[in-house]
Amino acid sequence: MEGSDRAAMTDTWLKKHRLLYVGATRHPFVLGIRDGSVDFTSFKRWLGQDYIFVRAFVPLVASLLLKAWKESDDNSDVDVILGGIAALNDEIAWFKKEASKWGIALNSVVPHQTNLDYCRFLESLTSPDVEYTLAITAFWAIEAVYQESFAHCLEDGSKTPEELKETCQRWGNDGFGQYCRALQNIANRRLEKASDDVLAKAEVNILRILEHEVEFWNMSHGV
Ligand SMILES: Cc1ncc(CNC=O)c(N)n1
């Protein structure tokens, strides 16, 4: 990493891979929520599939908590991740409530191959062999995509349908934004001290995540 600034590695990567990042955070599905043209069938497909994804997200955050507790030199890392676990607990309850509102039986949703592929990637990150720095950076990227996407649907000028506002609030609210920045700060702090090998792997993981996120929206959109 000679000659480059590591102080905010995550920002450097988002700039470098901006097209892909925009593809993940300004996907036609998201833009359809924002301009009100989204088809509720697509939204329901997303809701059922995302519930499956979120359940697979639980072991990742649990493994991350363990890594932070063992490896981090800063106690507040555990606090931030614990906050993420609390939010995920609320989120799972919310999915159940929201699904019943839309008449979706969550237990009979069949996971789509796109979702299974992403969940398998999440599972690979839970391994104790995956360094804390890699796991926290990946975790930040996954959360940041949802934060950026749904916050966009709440900005001035958006025409998000009333029925979808609560969903957008869930990931687009300021508290979730602060939580994502806290994760990003941890990731940057760790990346500053990481080996070139870990840095290269972290960047590849971010690219994979952005690709999985685009595919996930594609699946929901039904394209
Ligand atoms: C496909 C996907 N990516 C990111 C998130 C946000 N993290 C947890 O909720 C999510 N729910 N689903």
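Residues numbered from 1 in each chain as written. Predicted model: local features only at pLDDT ≥ 70, side-chain atom pairs only at ≥ 80, totals over all residues. Heavy atoms only, no water.

## A few points about the UniProt feature "domain: Thiaminase-2/PQQC" (unreviewed entry) in the chain
UniProt marks residues 15–220 with the feature "domain: Thiaminase-2/PQQC" (unreviewed entry), using the numbering shown here. Helix makes up 80% of residues 15–220 and strand 0%, with an end-to-end C-alpha separation of 27 Å. (UniProt positions renumbered as here; feature names shortened; annotations may be inferred. Helix = DSSP H or I, 4+ residues; strand = E, 2+ residues; numbered from the N terminus.)

## As for the site of the ligand
Around the ligand, the neighbouring residues are Asp-50, Phe-53, Val-54, Phe-57, Glu-91, Tyr-118, Ile-142, Glu-143, Tyr-146, Trp-171, Glu-213 and Phe-216. For the ligand, a nitrogen atom lies 2.6 Å from a polar atom in the side chain of Asp-50. Judged by the fraction of its atoms near the pocket grid, the ligand is located in the largest cavity. Counting residues per element, the ones that place at least two in the shell around the ligand are helix H4 (40–71), helix H7 (132–152) and helix H10 (196–221). Examining the composition of the shell around the ligand, we find that four residues originate from one element, H4, more than from any other. (Near = heavy atom within 4 Å. Polar contact = N/O pair within 3.5 Å; in protein donor to acceptor, adjacent residues only side chain to side chain. 1 Å grid on protein atoms, 1.4 Å probe; cavity = no way out; pocket = protein on both sides within 12 Å on 5 of 7 lines; lining within 4 Å. Sits in = over half its atoms within 2 Å of the grid points.)

## Observations regarding the layout of surface pockets
Computed from the structure, the largest pocket encloses a volume of approximately 250 Å³. Along the wall of the largest pocket there are 14 residues; nearest its centre are Gln-147, Glu-148, Gly-177, Cys-180 and Arg-181. Where the lining of the largest pocket is concerned, the elements lending two or more residues are helix H1 (9–16), H7 and helix H9 (174–192). Of the residues that constitute the lining of the largest pocket, the class distribution is six nonpolar, four polar and four charged. (Points joined across faces, edges and corners; volume = space filled by probe spheres on them. Nonpolar A, V, L, I, M, F, W, Y, C, P; charged D, E, K, R; others polar.)

## Considering the pattern of salt bridges
Within the structure shown, the criterion is met by 13 salt bridges. Between Glu-148 and Arg-26 there is a salt bridge; the shortest N-O distance is 3.8 Å. Linking Glu-148 in helix H7 with Arg-26 in the loop between helix H2 (18–25) and helix H3 (28–35), this pair joins segments that are 122 residues apart in sequence. On the accessibility criterion, Glu-148 (29% relative accessible area) is partly exposed. (Salt bridge = Lys/Arg side-chain N within 4 Å of Asp/Glu carboxyl O. Buried < 20%, exposed > 50% of the residue type's maximum accessible area, 1.4 Å probe, protein only.)

## Section: the side chain of Asn-188
Within the element layout of this structure, Asn-188 appears in helix H9. In terms of polar contacts, Asn-188 uses its side chain to reach the side chain of Thr-10, at 2.8 Å.

## Here's the deal with the confidence of the model for the chain
Any segment with low pLDDT has predicted coordinates that should not be analysed in fine detail. Looking at the chain as a whole, its pLDDT mean stands at 96, while 96% of the residues score no less than 70. Overall fold confidence (pTM) sits at 0.96, and the ipTM for the predicted complex is 0.99. (pLDDT = per-residue confidence, 0-100.)

## A look at the nonpolar core
Core analysis: the biggest nonpolar cluster contains 72 residues, and Trp-46, Leu-47 and Phe-53 have the highest contact counts within it. Ranked by residue count, the leading element in this core is H7, at 13 residues. Excluding its chain neighbours within four sequence positions, the residues that come into contact with Phe-53 are Asn-115, Tyr-118, Cys-119, Leu-122, Ile-142 and Phe-216. (Core = buried A, V, L, I, M, F, W, Y, C linked by side-chain atoms within 4.5 Å. Contact = heavy atoms within 4.5 Å.)

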